[in-house]
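Each chain, letter by letter, is given below.
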Amino acid sequence: MTKNISVLGSTGSIGVQTLDVAKMHGIKVSALTANRSIDLLEKQAREFEPEMVAVLDHDSAKRLKIALSDTSIAVYSGEEGIKEAARCAQADTAVNAIVGVAGLMPTLEAIASGKNLALANKETLVAGGKVVREAINKTGIKLYPVDSEHSAIFQCLQGCPENSLKKVILTASGGAFFGRTKEQLRNVALKDALKHPNWSMGQKITIDSATMMNKGLEVIEASWLFGVPDEQIDVLIHRESIIHSMIQLKDNSVIAQLGVPDMRIPIQYALTYPERLESPVKELDLSEIASLSFAKPDYDTFECLAVCRKALRLGGLYPTVANAANEAAVALFMQGRIGFLQIPEYVGNAVAQFSGSSDDFGLEDILNADKETRAKILDM
Ligand code: NDP
Ligand code: MG
C-alpha cells in the first residue's frame, strides 16, 4: 500500500478528493501542484505540510512563495517546477490529476524517478500511451488507473487468469445531452454542457462528457491499460452510473463493478491496492435505485466517440491529434468562440486531414503533433 504521495493537480476535482482519501488513511503528502489556484494550494499546503509545492504560473508561484514564507515548504514554478514535484524524493507514488496533455511530461518524470503512478490524467495515455508504456517497461513501476471505468475493469480483473479476457465493456452516462438530435445540439450553451447528470467534475471533462469525447478518450485509455484493441472494447450507455464498467471473459461470463458514483472509491483503490479499507462513500442500495437501464451509444450524433475509435484503429499519432484538437476546440467553446457542434467537427477534421503518422515515433513526435494540431485550430 502507498505510504507517501505527490498530488499533481491537487486543487482540481480529483486532486481535492485524493487529499480527502490521504487524510482518511494517514497517507503522507510530500508534494502538491496547481496551475494558478494559489489560495487553495496554500490552504492545502498548511494542512498537509508537504516538502514542496509547485505552481505552473510564475507570478502566482511568486505570490505563493511570499504567502508560505513562514513555513519550510519549498515553492517551485513553471513546467520544471511541476516536474520537480513529480519526482519528489519522499513520495513512493505520484497521483496525476492534472487536466489535459500538460500531464504527460510529469507522468514521464514520475515514472523515470521510479514512482508508482495513480493515473487520473487520461490524456497522458491517449496522447502518449506508447512512450508511457515504454518508460514503464524500463522501470517496472506499477500503474494504477483512477478513472472510474478503468478502475472498475482493473477491479473486475483481479483473480482472472491471464488471457481469459474476451472484451471490456465501458459504461457511459451519456453526458448532459443524451437522447438529443444533432439539430437540438446546435445552439446549446456552455452552462447546459456543464450540467453532468451524475458526476461533479472539472469543466473540461464535463464538456468531454457532453460531446462523448470523454468516452472516446476512455476507449483509447482502456486499450493502453489492458492491451485490448478497438474491437474488444464495447461502449454501453448506462444513465445511472452505478455499474462503473464490466469485463466479459472467454466463457461469456460478465463481471461488473458497482457503487454509488463517487470518485473516492477508485482513487482509494489506486492508493491502497490490493487492500480494501473503509471509505466515506455511501453504501449502494439497489432497492432504492430499483432499475438500471442500458442502451447503445448514438455514434452519428456524438461523433467524437466515433472519431476516437477511428484514431485508435489508425494508431500511431492519430490519437494524439484527436486529443489535441479536442483540447483546443473545448477551450474555444468555453471562450464562446465556437458552437458546441464545432467541437466534433474540429476533432473529425484534424484526424481526417492528418498525414504525418507512422508506427515509428517517439516523444518529440508526440509533442510536435500535439503542438501543430492545437496551433492550426487556435489560429483559425
Ligand atoms: P480540474 O480542472 O478540476 O483540475 C485540474 C488540475 O490540474 C488543477 O489542480 C489545475 O490547477 C491543474 N492544471 C490545470 N492546467 C494545468 C497545466 N497546464 N499544468 C499543470 N497543472 C494544471 O480537473 P479534474 O480533476 O476534473 O480532472 C483531472 C484529470 O482527471 C483529467 O484528465 C480528467 O479527465 C481526469 N478524470 C477526472 C474525473 C473527475 O471526476 N473529475 C474522473 C475521471 C478522470 P488550477 O486549480 O490552478 O487550475
Ligand atoms: Mg471516466
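Data block above holds the structure.
Rules behind the numbers
- Residues numbered from 1 in each chain as written.
- Chains lettered and ligands numbered in written order.
- Predicted model: local features only at pLDDT ≥ 70, side-chain atom pairs only at ≥ 80, totals over all residues.
- Heavy atoms only, no water.
- Helix = DSSP H or I, 4+ residues; strand = E, 2+ residues; numbered from the N terminus.
- Rg over C-alpha atoms; globule rule 2.2 N^0.38 Å.
- Contact = heavy atoms within 4.5 Å.
- Areas by Shrake-Rupley, 256 points an atom, 1.4 Å probe, with all protein chains shown as cover.
- Lys, Arg positive; Asp, Glu negative; His and termini not counted.
- Charge placed at Lys NZ, Arg CZ, Asp CG, Glu CD.
- Buried < 20%, exposed > 50% of the residue type's maximum accessible area, 1.4 Å probe, protein only.
- Polar contact = N/O pair within 3.5 Å; in protein donor to acceptor, adjacent residues only side chain to side chain.
- Donors = N, O, S within 2.8 Å, 3.2 Å for Na, K, Ca; no water.
- Axes fitted to C-alpha atoms, helices over the stretch in contact; angles between N-to-C directions.
- Parallel < 35°, antiparallel > 145°, perpendicular 65-115°, else oblique.
- Left-handed = near helix turned anticlockwise from the far one by under 90°.
- Pairing = 2+ DSSP bridges.

A. View of the overall build of the protein chain. Helix and strand counts for the protein chain come out as 17 helices and eleven strands. Since a compact globule built from 380 residues should have a radius of gyration of about 21 Å, the 20 Å found for the protein chain is in line with a globular shape. Counting only C-alpha atoms, the protein chain reaches 55 × 50 × 40 Å along its principal axes. Contacts in the protein chain between residues at least 24 apart in sequence constitute 67% of all its contacts with a sequence separation of at least 6. Within the structure as shown, the protein chain displays about 16,500 Å² of accessible surface, and the carbon and sulfur contribution to it stands at 49%. The average position of the 39 basic charges and that of the 47 acidic charges among the side chains of the protein chain differ by 1 Å.

B. Summary view of the side chain of threonine 93. Here threonine 93 lies in strand β5 (residues 93-96). Its relative accessible area of 1% is what places threonine 93 among the buried residues. One polar contact links threonine 93 to threonine 2, side chain to side chain, over a distance of 3.2 Å. Excluding anything up to four places from it in sequence, threonine 93 contacts Thr2, Asn4, Ile5, Ser6, Lys115, Asn116, Leu117, Ala118 and Leu271.

C. Looking closely at the coordination of the magnesium ion (ligand 2). Donor atoms from the polypeptide that coordinate the magnesium ion (ligand 2) comprise Asp147 (OD), Glu149 (OE) and Glu218 (OE), at 2.1 to 2.2 Å from the metal. Of the residues examined, glutamate 218 reaches a relative accessible area of 1% and is grouped as buried.

D. Local environment of the packing of helix α11 (residues 213-226) against helix α15 (residues 318-334). Viewed as axis vectors pointing N to C, α11 and α15 meet at an angle of 155°, and their least axial separation amounts to 11 Å. Relative to α15, the element α11 lies roughly antiparallel. Seen along the crossing, α11 lies across α15 with a hand that is left-handed. Here α11 contributes Met213, Leu217 and Ile220 to the contact with α15, which in turn contributes Pro319, Ala322, Asn323 and Asn326.

E. Focus on the sheet that holds strand β11 (residues 254-258). If you walk across this open sheet you meet the four strands as β9-β8-β10-β11, and the pairing is mixed. Sheet topology places β9 (233-237) and β11 at the edges, where each strand pairs with a single neighbour. Within the sheet, the average angular offset between the axes of one strand and its neighbour, ignoring direction, is 20°. Inspection of the sheet shows strand β8 (residues 165-172) paired to β9 by five bridges, in the parallel sense. In the sheet register, valine 168 faces β9, and the bridge partner there is isoleucine 233.

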